[in-house]
Amino acid sequence: MNMDLETAGMLRDSASRYAADNYDFLQRHAVLADPAGYSGKAWRDYAELGWLALRLPEKHGGLDADPLAVGALMEVVGSRLLMEPVLASALVSTGLVRSQGSAAQQDALLPQLADGSVKLAFADAEAAGDPRCQVRAGRISGRKIAVLQGDIADRLIVSAADADHGGERRLFLVDAKSAEIERRHYRFVDGRGAANLHFAGVPAERLDPDDGTPAATAIADVLDHATVASCAEALGIVRALVATTCEYLKIRKQFGRAIGTNQALQHRAVDMFLLQEEIAALTRSAQEALLRPAAERARIISGAKAYISSAARKVANEAVQMHGGLGITEELDVSHYFRRLMVNAALFGSRDEHFARFLAATTHSSPEGIPA
Amino acid sequence: MTDQLDEARDKARRLRADIRSFHERVMPDDLKRKSHLHQVLDKDDYVRWMRLLNDQGWAIGHWPKEHGGQGWSLLERFTFEDELARLGCPWVIPFGVKYVGPVIYAFGREEQKRRFLPRIATTEDFWAQGYSEPGAGSDLAALRTEAIREGDHYVVNGQKVWTTYAQWADWLFCLVKTARGEQAQKSISFVLIDMKSPGVTVKPIPTMDGYVHVNEVWLENVRVPAENLVGAEGEGWTYAKYLLKNERTAGALLGMACHALERLKALAQEKPSASPERTAARIGELELRLLALEAASYQAVESMMRGTDHGGEASLIKLRGTELYQDIAEAAIDLLGFAGVAWDPAALHAASAPPLGPEDAGGIVKDHFYNRAATIFGGASEIQRNIVAKGVLGL
């Protein structure tokens, strides 16, 4: 199966143009300084540009974009460090509504997601040792932690045991503004908002897929998509870091010459570039893998995420090092890329978890990367 | 382009299946056994192997159809090397079919094509490559072997080194200086030297892996007919670069790493490790690097086919492939324990079992030694990084 190179290319071009005009590093500084932690105007622009409808079916005015197109957008999200909840709302949560919402629920929600009037966040993680979240008589109780952009979400999708239906794990819609939610808002190290949420009997609407897909299946599927999207975001970041570092090696002079004339630094820059190329190749393999059935793609997707987590970290460490003191400043983009990569590495499964999943899915050292 | 790529993918898939079936049904057991145990193959083994491949149309599958090849796409070519190596097949000796053959059909005269190409395809002639010299390794353009024109001959004087299988070679394709004092690259020519010529002396260079694969080749007043010059005088550097460009994708590295890793995993099963968890994690990390190499290799091939390559792909594949292959070999040696240091060269020639460990222990040790050269030959890792720094990153 082939993905649509042309659509992906067009999306990449238009997103790059938009971000260059509206979201340069200085403009982003203003967004970071805003207590909201994101730009409402940019969010409305994304809706106009169709980014928020990327994963929607065509009948809801969406693009039904393939993983390559999603990746093209995510690379730009990474290279410009966009702060808006593209991943959290437009990809992850929208994907969950699409696979777990009934026709009526989709009809009600998807248009609001597409036009940006509703932002969703997915509340899934729980602290070790906490009692599991559960829904009884239509009300949810329990705690969720580290909800990416749960601070700015209008509504939440919450995973919980459905005590009303035999304790099965299901997804529920909750009004984020509900008075019965005790909340702690904070930011991740990259400036994106997050929330810990304590639900004390909050009214919850169960998502009821018409085809009966179990929530666990839908969540696993969406997490695979999110993992691959975050690989593409890492690629965008790494490309930016490699480019800016090479540029710096050419202009920074010490001892009377550009530091990039030193072979030791040249070779380290090459190693960063090699990692970038591997990240690009693995991202592409993972995007292709998404088109295959769930059981056949775990190896490549988790392998990609595991490799990319450490590869991107190496690139970021080297970028900081080669920029000298400037590398750790607020003023320079390098430290911001560094921090976004830290957060991305923690989202959708740690390196260790993905490495373990990769190994569990590996019987022979071949040949899924080979074009089938 | 998508259509062309789809077609190439289809053909490559069929080729892969054909190779598996060839390996199962056609390859003689003795050859299979020797190569699976990583024993030393002699000249007869290699000639037989190359002819088996030629019988399938594969030895020169990458040549254009007009010269008797199959006009393989880059993807088929890569797949061919990859799959053979995955199956643990012998090395496809490149000097004739991959190196000098394409230079002759691209730049040689008609008479040279008629004379040499058929005998290259059938390995009637065994070729060696006369590039490196004692003073010209990574800096190949510094070579000093001189060819002075005297009437209808060149008189060649100099010394080549690291010449693989020169002891078996009928012919040597050789870079020589045909002009003095000019810019290095413009003074080099590409000539074909009959190894039986008076004045050619081959001296083996013993290496730590215990058998002879590299040699010194001394050239003392060797008379080479002027008709054995390929193309134009002073253009040898261009041809050598053309040859390298044909060799951008060493598919065998991926396949060899894959094969070696499978063996490593089997070894880990056979032999209890002092720390199974550490061994499993070490193998797992190698497995992950293989996944990255596989993705990078196939995507490099496809970028080249689309024309969207940046020029650093060959270096990327070589660096990562050789590093990975070496690390897999090292892990195998560690697992083998004493069997990884016991050494009986006779066992490499199928004469006896190795003193310790599994039947292929000697072969694994031998490969480990040989593989240390993988990051040195064909452009050392340092040179590969220089190439990317300059050519791709503009540093």
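Criteria and thresholds
Residues numbered from 1 in each chain as written. Chains lettered and ligands numbered in written order. Predicted model: local features only at pLDDT ≥ 70, side-chain atom pairs only at ≥ 80, totals over all residues. Helix = DSSP H or I, 4+ residues; strand = E, 2+ residues; numbered from the N terminus. Rg over C-alpha atoms; globule rule 2.2 N^0.38 Å. Buried ≥ 20, exposed ≤ 12 C-beta atoms within 10 Å, placed from the backbone. Contact = placed C-beta atoms within 7 Å. Domains from an automatic or database assignment. Core = buried A, V, L, I, M, F, W, Y, C linked by C-beta atoms within 7 Å. UniProt positions renumbered as here; feature names shortened; annotations may be inferred. Nonpolar A, V, L, I, M, F, W, Y, C, P; charged D, E, K, R; others polar. Pairing = 2+ DSSP bridges. Axes fitted to C-alpha atoms, helices over the stretch in contact; angles between N-to-C directions. Parallel < 35°, antiparallel > 145°, perpendicular 65-115°, else oblique. Left-handed = near helix turned anticlockwise from the far one by under 90°. pLDDT = per-residue confidence, 0-100. Expected span 1.5 Å × (residues − 1).

**Describing the overall build of chain B**
Then comes step 1: A count of helices and strands for chain B gives 12 helices and 8 strands.
Then comes step 2: Against the compact-globule benchmark of 21 Å for 395 residues, chain B has a radius of gyration of 21 Å, which places it among compact chains.
Then comes step 3: If you line up chain B on its principal axes, its C-alpha atoms span 70 × 50 × 50 Å.
Then comes step 4: When each of the 395 residues of chain B is scored for burial, the buried share is 44%.
Then comes step 5: Considering only contacts within chain B whose residues lie at least 6 apart along the sequence, 71% involve residues at least 24 apart.

**A few points about the overall build of chain A**
Then comes step 1: When its secondary structure is counted, chain A shows 11 helices and 10 strands.
Then comes step 2: For chain A, the C-alpha radius of gyration of 21 Å lies close to 21 Å, the compact-globule estimate for 372 residues.
Then comes step 3: Within the span of chain A, comprising 372 residues, buried residues form 52% of the whole.
Then comes step 4: Sequence-distant contacts, at least 24 apart, represent 72% of the contacts inside chain A between residues at least 6 apart.

**Observations regarding the domain arrangement of chain B**
Then comes step 1: Taken as a whole, chain B is organised into domain 1 (2-92), domain 2 (128-234) and domain 3 (248-391).
Then comes step 2: The centre of domain 1 of chain B, based on its C-alpha atoms, is set 30 Å off from the matching centre of domain 2 of chain B.

**Considerations on the nonpolar core**
Then comes step 1: The biggest cluster of nonpolar side chains holds 225 residues, and the ones touching the most others in it are Leu73 of chain A together with Val191, Ala257 and Ile328 of chain B.
Then comes step 2: The leading source of residues in this core is helix H7 (residues 215-251) of chain A, at 19 residues.
Then comes step 3: Beyond its immediate stretch of four places on either side in the chain, Leu73 of chain A contacts Leu11, Ala15, Trp51 and Leu54 of chain A.

**Description of the UniProt feature "domain: Acyl-CoA dehydrogenase/oxidase C-terminal" (unreviewed entry) in chain A**
Then comes step 1: The residues that UniProt annotates with the feature "domain: Acyl-CoA dehydrogenase/oxidase C-terminal" (unreviewed entry) are residues 219-352 of chain A.
Then comes step 2: Secondary structure over residues 219-352 of chain A splits into 78% helix and 3% strand, and the C-alpha atoms at its two ends are 20 Å apart.

**Observations regarding the domain arrangement of chain A**
Quoted interface sizes are often the accessible area lost when the parts come together.
Residue and element names in this part refer to chain A.
Then comes step 1: Annotation of chain A at the domain level lists domain 1 (5-84), domain 2 (120-206) and domain 3 (215-360).
Then comes step 2: Computed from C-alpha atoms alone, the centre-to-centre distance between domain 1 and domain 3 is 20 Å.
Then comes step 3: Taken together, the contact pairs 12 residues of domain 1 with 17 residues of domain 3.
Then comes step 4: Sorting elements by how many residues they give to the side of domain 1 that touches domain 3 places helix H4 (residues 67-80) first, with 10 residues.
Then comes step 5: A class-by-class count of the residues in the side of domain 1 that touches domain 3 yields 8 nonpolar, 3 polar and 1 charged.

**What to know about the pairing of strand S4 (residues 171-177) of chain B**
Residues and elements named next belong to chain B.
Then comes step 1: With 7 of 7 residues buried, S4 lies mostly within the body of the structure.
Then comes step 2: Neither face of S4 is left uncovered, since the one carrying Trp171, Phe173, Leu175 and Lys177 and the one carrying Leu172, Cys174 and Val176 both have all their residues buried.
Then comes step 3: Pairing of strand S1 (residues 127-130) with S4, which is carried by 4 bridges, proceeds in the parallel orientation. Note on S4: the bridge partner recorded for Gly130 is Cys174.
Then comes step 4: The pairing of S4 with strand S5 (residues 188-194) spans 7 bridges and is antiparallel. Bridging across to S5, Leu175 finds its partner in Phe190.

**Side note on the interface of chain A and chain B**
Then comes step 1: Facing 30 residues of chain A, the contacting portion of chain B comprises 27 residues.
Then comes step 2: When contributions to the side of chain A that touches chain B are tallied by element, the ones reaching two or more residues are H7, helix H8 (263-289), helix H9 (294-322) and helix H11 (351-360) of chain A.
Then comes step 3: The greatest single-element share of the side of chain A that touches chain B, amounting to 12 residues, is contributed by H8 of chain A.
Then comes step 4: Here the residues of the side of chain A that touches chain B sort into 15 nonpolar, 11 polar and 4 charged.

**Section: helix H11 (residues 361-371) of chain B**
Then comes step 1: Counting buried positions over the 11 residues of H11 of chain B gives 8, a clear majority of the element.
Then comes step 2: Where H11 of chain B is buried, its residues contact helix H10 (313-336) of chain B.

**Quick word on the UniProt feature "domain: Acyl-CoA dehydrogenase/oxidase N-terminal" (unreviewed entry) in chain A**
Then comes step 1: This chain's UniProt record puts "domain: Acyl-CoA dehydrogenase/oxidase N-terminal" (unreviewed entry) on residues 8-116 of chain A.
Then comes step 2: Secondary structure across residues 8-116 of chain A comprises 69% helix and 0% strand; the distance between its end C-alpha atoms is 22 Å.

**Here's the deal with the UniProt feature "domain: Acyl-CoA oxidase/dehydrogenase middle" (unreviewed entry) in chain B**
Then comes step 1: UniProt records the feature "domain: Acyl-CoA oxidase/dehydrogenase middle" (unreviewed entry) at residues 128-213 of chain B, using the numbering of this structure.
Then comes step 2: As annotated, residues 128-213 of chain B comprises 0% helix and 41% strand, and the C-alpha atoms at either end are separated by 11 Å.

**Overview of the packing of H10 of chain B against helix H12 (residues 381-391) of chain B**
All names here are of chain B.
Then comes step 1: Look at H10 against H12: their axes get within 9 Å of each other, and the N-to-C directions meet at 150 degrees. What the angle tells us is that H10 and H12 run roughly antiparallel. Relative to H12, the crossing made by H10 is left-handed. Taken together, the residues of H12 that come into contact with H10 (itself represented by Ser315, Lys318 and Leu319) are Ser381, Gln384, Ile387 and Val388.

**Overview of the environment of Ala346 of chain A**
Residue and element names in this part refer to chain A.
Then comes step 1: Position of Ala346 relative to the elements: it lies in helix H10 (residues 333-346).
Then comes step 2: Judged by the 15 C-beta atoms lying within 10 Å of it, Ala346 falls in the partly exposed class.
Then comes step 3: Between the alpha carbons of Ala346 and Ser309 there is a distance of 9.0 Å; along the sequence they are 37 residues apart.

**Description of the confidence of the model for chain B**
Then comes step 1: When pLDDT is averaged along chain B, the result is 94, and 99% of the positions lie at 70 or above.
Then comes step 2: Prediction confidence for the complex, expressed as pTM and ipTM, is 0.95 and 0.94 respectively.

**Some details on helix H1 (residues 2-25) of chain B**
Residue and element names in this part refer to chain B.
Then comes step 1: For H1, built from 24 residues, the straight-helix expectation of 34 Å at 1.5 Å per residue is met to within 8% by its first-to-last C-alpha distance of 34 Å.
Then comes step 2: When H1 is considered as a whole, its buried residues turn out to be Ala8, Arg9, Ala12, Leu15 and Ile19.
Then comes step 3: Buried positions along H1 lie against helix H4 (74-86) and helix H9 (276-306).

**Topic: the packing of H8 of chain A against H9 of chain B**
Then comes step 1: Packing of H8 of chain A against H9 of chain B leaves a shortest axis separation of 8 Å and a crossing angle of 90 degrees. In terms of axis orientation, H8 of chain A runs roughly perpendicular to H9 of chain B. Where H8 of chain A abuts H9 of chain B, its residues Glu277, Glu278, Ala281, Leu282, Arg284 and Ser285 of chain A lie against Ala292, Ala295, Ala296 and Gln299 of chain B.

**Some words on the environment of Glu146 of chain B**
Residues and elements named next belong to chain B.
Then comes step 1: Relative to the assigned elements, Glu146 resides in strand S2 (residues 146-150).
Then comes step 2: Here the alpha-carbon distance between Glu146 and Lys11, two residues 135 residues apart in the chain, equals 45 Å.
Then comes step 3: Ignoring sequence-local partners within four residues, the contact set of Glu146 consists of Asn157, Gly158, Val176 and Lys177.

**Some thoughts on unusual backbone geometry**
Then comes step 1: The residue Phe255 of chain A is not glycine, and still its phi comes out positive at about 50 degrees.
Then comes step 2: For Phe255 of chain A, the position within the fold is in the loop between strand S9 (253-254) and strand S10 (257-258).

**Focus: the environment of Asp190 of chain A**
Residue and element names in this part refer to chain A.
Then comes step 1: Secondary-structure assignment places Asp190 in the loop between strand S6 (181-187) and strand S7 (193-203).
Then comes step 2: When the 17 C-beta atoms within 10 Å are taken as the criterion, Asp190 is described as partly exposed.
Then comes step 3: C-alpha of Asp190 to C-alpha of Phe338: the two residues are 148 residues apart in sequence and 8.3 Å apart in space.
Then comes step 4: Setting aside its immediate chain neighbours within four residues, Asp190 contacts His336, Arg339, Arg340 and Val343.

**Looking at the confidence of the model for chain A**
Then comes step 1: Per-residue confidence for chain A gives a mean pLDDT of 95; residues scoring 70 or more make up 97%.
Then comes step 2: Under a pLDDT of 50 for its full length, residues 368-372 of chain A has, in the predicted model, 12 contacts with residues more than four places off or in other chains.

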